[in-house]
Amino acid sequence: MTPKALGALVVALIIAAVSFPVGAQGPVKIGASLSLTGTYAQPGRFQHEGYQLCQKDLNAKGGLLGRQVEFVVYDDQSNPATGVRLYEKLITEDKVDGVMGPYSSAISEAVASVTEKYNKVNVAPLAATTSIFKKGRKYMFMVISPAEVYLEGLIDIAAKRGLKTVAIINEDTLFPKTSAQGTADLAKKAGLQVVFTEAYPKGNQDFSALLTKVKAANPDVLAAATYFDDAVAIARQMRELSVNPKMLGVTVGGDIPKFQELLKGTADYIYGSSQWEATLPYPGAKEFNEAYIKQFKQEPSYHSAAGYAGCMLYAEGVKKAGSLDADKVREALLALKTRTMFGDYQVDKDGFQTAHKMVLLQWQDGKRVVVWPDDLSSGKPRFPTPPWNAR
Amino acid sequence: MNVVLTPAMLGQVVVSGLLAGALYSMVALGLALIFGVMRVINIAHGPMLMLGAYTTWILFDRFGMNPYLTLPLSAAVMFLLGALLQRTLVFRVVDAPELSSLLLTFGVSIALVNIAQLVFTSDLRSVEFLTGSIALGPIALSKSRLIACAFAAAITALAFLFLQKTRLGKAIRATSQSREVAMVCGIDVQRIHLISFGIACALAACGGTLVAVMVAIQPEMGQIWTFKSFLVIVLGGAGNYPGALLGGLLLGLIEQLSSLFLTTQLSEAVAYVLLVLALLVRPSGLLGGRQT
């Protein structure tokens, strides 16, 4: 090829590129790091599946701004520092068009500094800690109810049934700590006495000494601010040590089907809080549930639903803004007020969720039953929990 | 806001500590054996335990076997895997500086965990077989932990008997005391290395089987056992086999008592502070190092 011909070709290519900007644009890339391995792998992977289904459903309806949507997901191994590195990479190296939040409050808090630095809207569907959204950050958006109210139902039922004392234990990380503190405040407000509190480190598997102390404190209610793995271990070891409160409630874990698969009969009577259930009367919840089971061969958890809803809310923001520009999307999301398959969405000026409602479940004969609040419940709580040797 | 300490609580916690400690002793004996014979710290010891636990889970879940009957199978499988690992990789670093063996077994450890993640996924698995407890006055004895302790004690006793009484056991101890002299006496040191590594992995696998009935199984469950075993053999004296026994029981008690008197968060710190102290004050361990 002669230099002249080469020059002509280059000019032609430039003209082609400039005159068909839409055709030359690739998909809208949305980046996220998720806990696909490590302590948070269980809920993290549900969230991942929520994102995947959202991508599929968006693309089936023509994508976003006329472009296909493509998620770029990395595994942060349940480690906040890894999450920070991955968002930095997503934004600077992969040059994603937008981001979605990771799993857990701890990792969301850590990566918020990165997404704020690069002015990226960060809809964090699984960050439940209030403080994340109250630090003057501009682009953080909350989808689920805050950590403080996770066990509101447990305390409410306990108070109405005349119980007097509560023990609170929690994993020593951001979300469970906030959740435990919130539960203690709710308990005091409801007139219950908090007789024991203690935190345990992340990844702890041996709860015998801790539960021995709980047993000695002999509370009516044990409220455990947990993630999944610890909730399983605590339930098992309570049985081993015959710790018999009249009610046992856990924050995260009790709502996941796997909880019952792992524990079998031991799961019965345990209360778990949930941000969402497929049976709740929200528009599109049933359809989401069916599509999810078809795609992933398992039931969705609330983490799946929140992931899906968060992604859809971000898409809604982009559509309303008509652009991927962070400030325009931010304005749209701040003004948005809607009811999705996940429930109500509305945020205050900080992006803090004010409309979404939690429910309390109880495992009854291997099934999850919504027992609180009354207007959303599908059954009555089985109360009190019988001692382990009587079941 | 804290609770008043009662004798029953103390009793409960001591019992829990000893039950856990017996298991630590057995698993750590494997690490001590490898260190004694080859001067190699096997970072992959915990992941070996994890694979043992998965072996039990597969046999229980797919074939409905009694998990305790899977013990010999899981031990045999891991003996073979251990021997294979020794023959292909570990023998290359036996005489190399200690950093090489650390790096190698660290690499093997990461590989095993990631392979397990690929094969088994990181879903939690459980062997829901024995739940509940036996009440002994105010003390609750978990059935699965009681049985695990009994098995661990029996297996540890067998291992000691083997080391003390059999020809092969004596050859292992001889190699551990002095490889050169053992070689001069006509002991096939390569073979001893192979067998010791196999036995050590089998001990880890037994731990895995017993742990599988107690806690949830996942690919990353093993690492903590590497650390615990390491703590045990430092406390008891690296390469000192009775020391591993003592160290295990001690660690179990320390963990439980410190979570009782302090908090669960501090109990891990206490264990590692002890590790540092042991290294500073009595670097050869409570019973002295490398006597067999």
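Model, not experiment: these values are computed from the prediction.

**Q** Looking at this model, I keep getting lost on the overall build of chain A. Mind explaining?
**A** The number of helices and strands found in chain A is 13 helices and 14 strands. What you see for chain A is a C-alpha radius of gyration of 23 Å, in line with the 21 Å of a compact globule of 391 residues. Its C-alpha atoms give chain A principal-axis dimensions of roughly 90 × 40 × 40 Å. Sorting the 391 residues of chain A into buried and exposed places 61% on the buried side. Counted over contacts in chain A with a minimum sequence separation of 6, partners at least 24 positions apart contribute 70%. Carbon together with sulfur atoms contributes 54% to the accessible area of chain A, which is approximately 14800 Å² in total. In chain A, 45 side chains carry a positive charge and 40 a negative one; their mean positions are 2 Å apart.

**Q** Is there a simple way to think about the sheet that holds strand 6 (residues 165–171) of chain A in this case?
**A** Strands in a sheet are paired, the pairing made by backbone hydrogen bonds, and the direction either parallel or antiparallel. Residue and element names in this part refer to chain A. One open sheet holds the seven strands; their spatial order is 7-6-8-9-10-13-14, and the pairing between them is mixed. What marks the edges here is a single partner per strand, and that holds for strand 7 (193–200) and strand 14 (367–372). Across the sheet, the mean angle from the axis of one strand to that of its neighbour is 25 degrees, orientation sign disregarded. Across seven bridges, strand 6 lies against strand 7 in parallel orientation. Each residue of the ladder has a partner; that of Ile169, found in strand 7, is Glu198.

**Q** What exactly am I supposed to notice about helix 11 (residues 285–296) of chain A here?
**A** Within an α-helix, residues lying three or four positions from one another point in the same direction, as the helix has 3.6 residues per turn. Residues and elements named next belong to chain A. If you check helix 11, its first and last C-alpha atoms are 16 Å apart, about what twelve residues at 1.5 Å a residue would give, namely 16 Å. Residues of helix 11 that are buried include every one of Ala285, Phe288, Asn289, Tyr292 and Phe296, and no others. Seen from one end, helix 11 has its buried residues packed into an arc of 100 degrees, which puts them on one side. Exposed residues lying more than 90 degrees from the buried face of helix 11 are Lys286 and Lys294. Buried-residue contacts for helix 11 involve helix 3 (41–60) and helix 12 (302–321). Positive backbone phi, at 60 degrees, marks Lys297, one or two positions downstream of helix 11.

**Q** Is there a simple way to think about unusual backbone geometry in this case?
**A** For residues that are not glycine, phi is negative in most cases, and the peptide bond is trans in most cases. Residue and element names in this part refer to chain A. A cis amide bond, omega -5 degrees, links Trp372 with the succeeding residue Pro373. Mapped onto the elements, Pro373 comes out in the segment after strand 14. Of note in this structure, Asn218 is not a glycine but carries a positive phi near 45 degrees. Mapped onto the secondary structure, Asn218 falls in the loop between helix 8 (208–217) and strand 8 (221–225). If you check the backbone angles, Tyr269 has positive phi at about 75 degrees while not being a glycine. Among the secondary structure elements, Tyr269 is positioned in the loop between helix 10 (257–263) and strand 10 (271–274).

Here is what the cut-offs are and how they apply
Residues numbered from 1 in each chain as written. Chains lettered and ligands numbered in written order. Predicted model: local features only at pLDDT ≥ 70, side-chain atom pairs only at ≥ 80, totals over all residues. Heavy atoms only, no water. Helix = DSSP H or I, 4+ residues; strand = E, 2+ residues; numbered from the N terminus. Rg over C-alpha atoms; globule rule 2.2 N^0.38 Å. Buried < 20%, exposed > 50% of the residue type's maximum accessible area, 1.4 Å probe, protein only. Contact = heavy atoms within 4.5 Å. Areas by Shrake-Rupley, 256 points an atom, 1.4 Å probe, with all protein chains shown as cover. Lys, Arg positive; Asp, Glu negative; His and termini not counted. Charge placed at Lys NZ, Arg CZ, Asp CG, Glu CD. Pairing = 2+ DSSP bridges. Axes fitted to C-alpha atoms, helices over the stretch in contact; angles between N-to-C directions. Expected span 1.5 Å × (residues − 1). Arc of directions from axis to C-beta.

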